[in-house]
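Structural features, examined
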Amino acid sequence: MQPFADREEPVDPSSLDGRIAFVTAAFLLAFGFVALLDRVGAPEAFVSVVGPIFTVAALTLLGFLLHSMRVSLYYAAGRAVPAAYAGFAGAGLVVALGLPFAAEFAGRGWLSGVAGGFFLGMCAIGLFFGPLLRKSGVFSFSGLLAARFPGLPARIGLLVAAGAASVFAALAGQQAAVDALVGLTGGGRGLAAFAVAVAALLIAGPGGLLGVVWSAAAAAGVALVGWGWPAAALAVRGQWPGQGAGWSAAGKIAQAFGAAAPSFGGFVDYCVALAIALGLATLAPALAPAVATRDMRAARRAGWAGLFWTLVLAGMAAALVGAATLAVSRLAVGVPPARLPETVLSASARGDLSICGAFPVSGAQARIACASRGGGGSAPLRPGDIKATGAALLAGLPRLAELGAAANGLVASAAIALALALAAAGLQACATALSHEALYRMRGEMDLTSRRLASTRFALVAVAALGAAASAADLFEARALAALALGVSAAGVAPVAALAFWPRARDRDAGVAAYAGLFGMALALTAAGGGSVTALTLASLVGAIIGLGGGVISALAAPAQPGESRAFLLRLLRGDGQIARPDKGA
């Protein structure tokens, strides 16, 4: 059977639906088999790892089978992905990027802070930037801005900002997938990092955007099943955080555990939301599914679908993290260290949570670890004595709530699938920026197709190798990398995007905005003296303001010549939108 999109003629909708139904049935049968193994008493460790291993293998195989040497398929997925599936894939990528912040979604208002920023950014993608990107016919958001500002300084600044943001997104996905695999299997980080890098390469390398979009859609489906089953079980048991005062209690406890950043309230939370929205709305991997749709209307429908599925998936992830937070509190807070239940000690032994700064595996060790705190080793534990991350709470929920080994594997499968999709999307976006937007466009569009694809795949291998080395050494946290991706995009790309709609702005002004924004973010982060998520997001907002201000001042300092720019914007916003030369081979 030939890959369904590697054809010259349009894809038959009935054939496409049939193949998607086949993939869906395969995943459901595999997960059903895992549940059956759990019921018949198979070893817990085996049941837990079967689902994730199948998920990684299936996503890798799916990406590999969609290989292509055609530019239109590799960089734009043939412009043939139906809106519903493109929106589903977009939701999977956005939720994957937001998963390290899942504890902020639990127990917080979704109109401000991290959660508000993600949904505001998703609205901007679905209702404006995504349809506009598809209307223009270019392959990436940096390509759209480079068509508006074709000068070399502006183009280089855009490539640096967009490429760096995509690299950080790819590294965040790889780190999250490696953390999940190591936490599930207890294996070495080196082997897990190598396996994740190879899987991400096989998803993004052979088929480019074609493989990324369909693998992201499949990952979102895995998350829907993997989180839906435990969420339904919790609701039946009455342990859903939304019942009673569960949400607010989970939020306060998550802050005490250190899983969620403290809420500063009011103005600061709105600034955080604005910074994240700016970063997400201009982030290349998040915009990629819009490129694959048939036309502007399809891109807009995909945006609405993506917003809906983002709400569903993020809501389930937040509920599971909230439930895990409440479970830890119920089992450990107020309990003397020597009498901690086995489920909590097992979570400590796996590294999912720490007790009094240590990872005890027995009550005696817990009492020794807590001896130096106020009250001594026999005093009941307080919320501040326990530390955990949102990802660890999500991974440990099935054991904490005693949902069974099958649920443990499903939750891990969802996290790993989404992380792999994000890693592949980040790799593809970075390689497109470095190869297509830089080497091809800046060299006068003279390269052979085979050379273009070879340079893109070389960039993929280089970034994946960098991510594997960083993940193996455990140099960064996925949370910090995701915040960096959003911050660099907000500080370096968003100001240029704003100037693009001002006829007076020229190439030089766009270059000033990009460089000043990145420099301003670095300066603000240095002045803050910390690398917390709140500091990163606020520093990126400062950078965006400095970049936009620098671009505006640069534009006002020179005589206005808006004729060509106004014609560009009229064609983009009100005309046919074809502001770039048709790509060779597309």
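What counts and what doesn't
- Residues numbered from 1 in each chain as written.
- Predicted model: local features only at pLDDT ≥ 70, side-chain atom pairs only at ≥ 80, totals over all residues.
- Heavy atoms only, no water.
- Salt bridge = Lys/Arg side-chain N within 4 Å of Asp/Glu carboxyl O.
- Helix = DSSP H or I, 4+ residues; strand = E, 2+ residues; numbered from the N terminus.
- Buried < 20%, exposed > 50% of the residue type's maximum accessible area, 1.4 Å probe, protein only.
- Patch = residues over 30% accessible without salt bridge, like charges linked within 9 Å, V, L, I, M, F, W, Y side chains within 5 Å.
- Areas by Shrake-Rupley, 256 points an atom, 1.4 Å probe, with all protein chains shown as cover.
- pLDDT = per-residue confidence, 0-100.
- Contact = heavy atoms within 4.5 Å.
- Disulfide = S-S within 2.5 Å.
- Expected span 1.5 Å × (residues − 1).
- Arc of directions from axis to C-beta.
- Core = buried A, V, L, I, M, F, W, Y, C linked by side-chain atoms within 4.5 Å.

A few points about the pattern of salt bridges
- Tallying each qualifying case throughout the model produces seven salt bridges.
- The closest approach of N and O atoms between R479 and E104, which form a salt bridge, is 2.6 Å. Of this pair, R479 sits in helix α20 (residues 478–499) while E104 sits in helix α5 (residues 102–105), placing them 375 residues apart in sequence. Grouping residues by exposure puts R479 and E104 together as buried.
- Of the charged contacts, one joins R350 and D352 as a salt bridge, the two residues approaching to 3.1 Å between their closest N and O atoms.
- Overall, R350 belongs to the partly exposed group, its relative accessible area being 26%.
- D352 gets classed as buried once you look at its relative accessible area, which sits at 13%.
- Among the charged side chains, a network of salt bridges with common partners joins D179, R189 and D474.

Notes on a nonpolar patch on the surface
- Taken together, the side chains of L61, F64, L65, L191, F194, V198 and L202 present a nonpolar region at the surface, about 680 Å² in accessible area.
- Breaking the nonpolar patch down by element, the ones donating at least two residues are α2 (44–65) and α9 (189–204).
- Here the nonpolar patch takes four residues from α9, the largest share from any one element.
- With a relative accessible area of 30%, L202 lands in the partly exposed category.

Points about the environment of G157
- Within the fold, G157 resides in helix α8 (residues 152–185).
- Along the primary structure G157 and A516 are separated by 359 residues, whereas in three dimensions their C-alpha atoms are 9.9 Å apart.

Considerations on the confidence of the model for the protein
- When pLDDT is averaged across the protein, the result is 84; 89% of the residues are at 70 or more.
- Here residues 1–11 is a poorly scored stretch, pLDDT under 50, and it has 22 contacts once near neighbours within four places are set aside; other chains count.

Regarding the state of the cysteines
- Enumeration according to the criterion identifies one disulfide in this entry.
- Across a sulfur-sulfur distance of 2.0 Å, C356 and C370 are joined as a disulfide pair. Taking the sign of the torsion about the S-S bond as the criterion, the disulfide between C356 and C370, at about 95°, is right-handed. In this pair, C356 is assigned in the loop between β1 (353–355) and α16 (363–369) and C370 in the loop between α16 and β2 (386–388), connecting sequence segments 14 residues apart.

Here we look at the environment of V196
- Relative to the elements of secondary structure, V196 occurs in helix α9.
- According to the relative accessible area criterion, V196 is buried, its value standing at 3%.
- Distance from V196 to G173, taken between C-alpha atoms, is 9.3 Å for residues 23 residues apart in sequence.
- In contact with V196, other than residues within four places in its own chain, are Q174, A177, V178, L181 and L420.

Considerations on α9
- Along its 16 residues, α9 runs 22 Å from first to last C-alpha, staying within 8% of the 22 Å computed at 1.5 Å per residue.
- Every buried residue belonging to α9 is among R189, A192, A193, V196, A197, A199, A200, I203 and A204, and all of these are buried. Along the axis of α9, the buried residues cluster in a sector spanning 165°; they form a single face. Opposite the packed face of α9, turned more than 90 degrees from it, sit the exposed residues L191 and F194.

Remarks on the nonpolar core
- Grouped together as the largest cluster of nonpolar side chains are 174 residues, with contacts concentrated most on F105, F118, W227 and L340.
- Take this core: its biggest share by element is 18 residues, from helix α18 (residues 405–440).
- Look past the residues within four positions of L340 in its chain and what remains in contact with it is A332, V335, L345, I355, A366 and L381.
- Ranked by size, the runner-up nonpolar core spans six residues in total, among them V34, L37, A405 and A406.

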